[in-house]
Amino acid sequence: MLRRTVRLVPFSSPYAFAVRTIHVAESVEDMIQYQRRHRDQIGFVPTMGALHEGHLSLVDQAKSRNETVVASIFVNPTQFSAGEDLDRYPRQLEKDIEMLKQRGVDCVFAPKSTAQMYAKDALCHVEPARFSNIMEGIARPDFFRGVATVVCKLFNIVQPASAYFGQKDISQCILIQKMVRDLNMPVQVIICPTVREADGLAMSSRNAYLTASERPVADVLYRALMAGKEYCDQLTADGVEVDTAAVERAVQSVLATEPMVSHVEYVSIASHTDMTELKTLIAFEHKSAGAVISSAIRLGNVRLIDNVLVGRAIDDILSVKR
Ligand code: AMP
């Protein structure tokens, strides 16, 4: 067990002895012992580290709703396919722990090794049926099984009352909501809005891969998705049917304006309840029916994903409103 301490107030202050500590659990056993010592309900923020304001917005939400907040930092190998960026994924554990401490997190679960989390002869995993057929699942064949399995294991270790996820990874949010429901896990899933850079680029640990020439044009993805959303939002008269092929064209036409986009992996207009592709959207109650417009593109060698919510999806998905 490690206990790190930071002074929050200057020595001249009458509260000079106020200190904040953060418990760093480096093993599953240590984390389980911490969880048992804490009678308070735990709010939990799972991450892979290389933290930014997007992650910290989840921490803020957890802090505002729970006495005790636990974050995890674990680059989960089972959600990476061969040839993906597991080996070069950015790692900055000490800096991350400091950021979490400053933000008031009580405990960080940072397993020291993969062996802590996965037995060599592991037999069981969580298989999210059908998610391998959605756009992001086709693009990343091992991703959803890896995510569902690791989040299930983390929930069993940390035993949180609530867990906080970002809209940035929308299919992951929908998957976790379904897993919790299907497997009767006693965890409330809270989905928080995507935090963006000033130009609209969704914050991501992988943005560190962007070169100096790629970064200034990386906002093209958000601009393209917003063009699709605006197309849907214009057609809000009840009963009006929107052809999703036209929405896709609106997105693609903006992506096509940027020569540095080397590949468009997909543009998806999907149901916000199960991420299946939609052919039409029908407006009712002066709102287009719920949908998630999402896309994955390559800017040079960097893969960027993002999404926007349309119509009813905004109210149905987001637990936290902007
Ligand atoms: P990761 O470390 O990429 O696995 O992300 C950990 C959590 O942070 C996931 O729930 C992500 O959806 C969330 N997250 C990542 N980027 C953002 C962002 N820009 N805004 C809000 N949440 C985010």
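None of the values given here were measured: they were computed from a predicted structure. All chains use their own residue numbering, which begins from 1 and follows the written sequence. With pLDDT at 70 or above as the cut-off, local features in this predicted model cover only qualifying residues; side-chain atom pairs require 80 or more to be listed or tallied, and sums for whole chains, interfaces and linings still use all residues. Hydrogens and waters are ignored; side-chain quantities use all the structure's heavy atoms.

Draft legend 1. Expanded view of the site of the ligand. With respect to spatial proximity, 17 residues lie near the ligand, and among them Met48, His55, Asp169, Val195 and Met203 are the closest. For the purposes of these results, a polar contact is taken to be a pair of N or O atoms within 3.5 Å, where, inside protein, one atom must be able to donate a hydrogen and its partner to accept one; residues adjacent in sequence count only when each atom of the pair is a side-chain atom. Contact distances for the ligand include 2.9 Å between an oxygen atom and a backbone N or O atom of methionine 48. Histidine 55 has a polar side-chain atom sitting 2.9 Å from an oxygen atom of the ligand. Accessibility throughout is a Shrake-Rupley quantity obtained with a 1.4 Å probe, and a residue counts as covered only by protein chains that appear here. Its free accessible area being 490 Å², the ligand has 92% of it covered by the protein chains. For the purposes of this entry, the term helix denotes a DSSP run of H or I that reaches at least four residues, the term strand denotes a run of E that reaches at least two, and both are numbered from the N terminus. Mapped by element, the contributors of at least two residues to the shell around the ligand are strand 3 (42-47), helix 2 (53-65) and strand 6 (162-166). Sort the elements by how many residues they give to the shell around the ligand and helix 2 lands first, with 3 residues. Considering only residue class, the shell around the ligand consists of 8 nonpolar, 7 polar and 2 charged. Definition of nearness: a residue and a molecule or strand are near each other if at least one heavy atom of the residue lies within 4 Å of the molecule or strand. Basically, the charged four are Asp, Glu, Lys and Arg, the nonpolar ten are Ala, Val, Leu, Ile, Met, Phe, Trp, Tyr, Cys and Pro, and anything else, Gly included, counts as polar.

Draft legend 2. Inspection of the packing of aromatic side chains at higher detail. Pairing of aromatic rings covers Phe, Tyr and Trp, the last counted by its six-membered ring, and requires centre-to-centre distances within 6.5 Å; plane angles under 30 degrees mean stacked, over 60 mean edge-to-face, and any other angle means tilted. Taken as a whole, this structure holds 6 aromatic pairs when the rule is applied. When the centroid spacing of 6.0 Å and the interplanar angle of 80° are considered together, the rings of phenylalanine 80 and tyrosine 89 count as edge-to-face. Ring centres of phenylalanine 131 and phenylalanine 144 lie 5.1 Å apart, and the angle between their planes is 90°; this geometry places the pair in the edge-to-face category. Of this pair, phenylalanine 131 sits in the loop between helix 4 (114-117) and helix 5 (135-139) while phenylalanine 144 sits in helix 6 (residues 143-158); the two residues are 13 residues apart in sequence, bridging distant segments of the chain.

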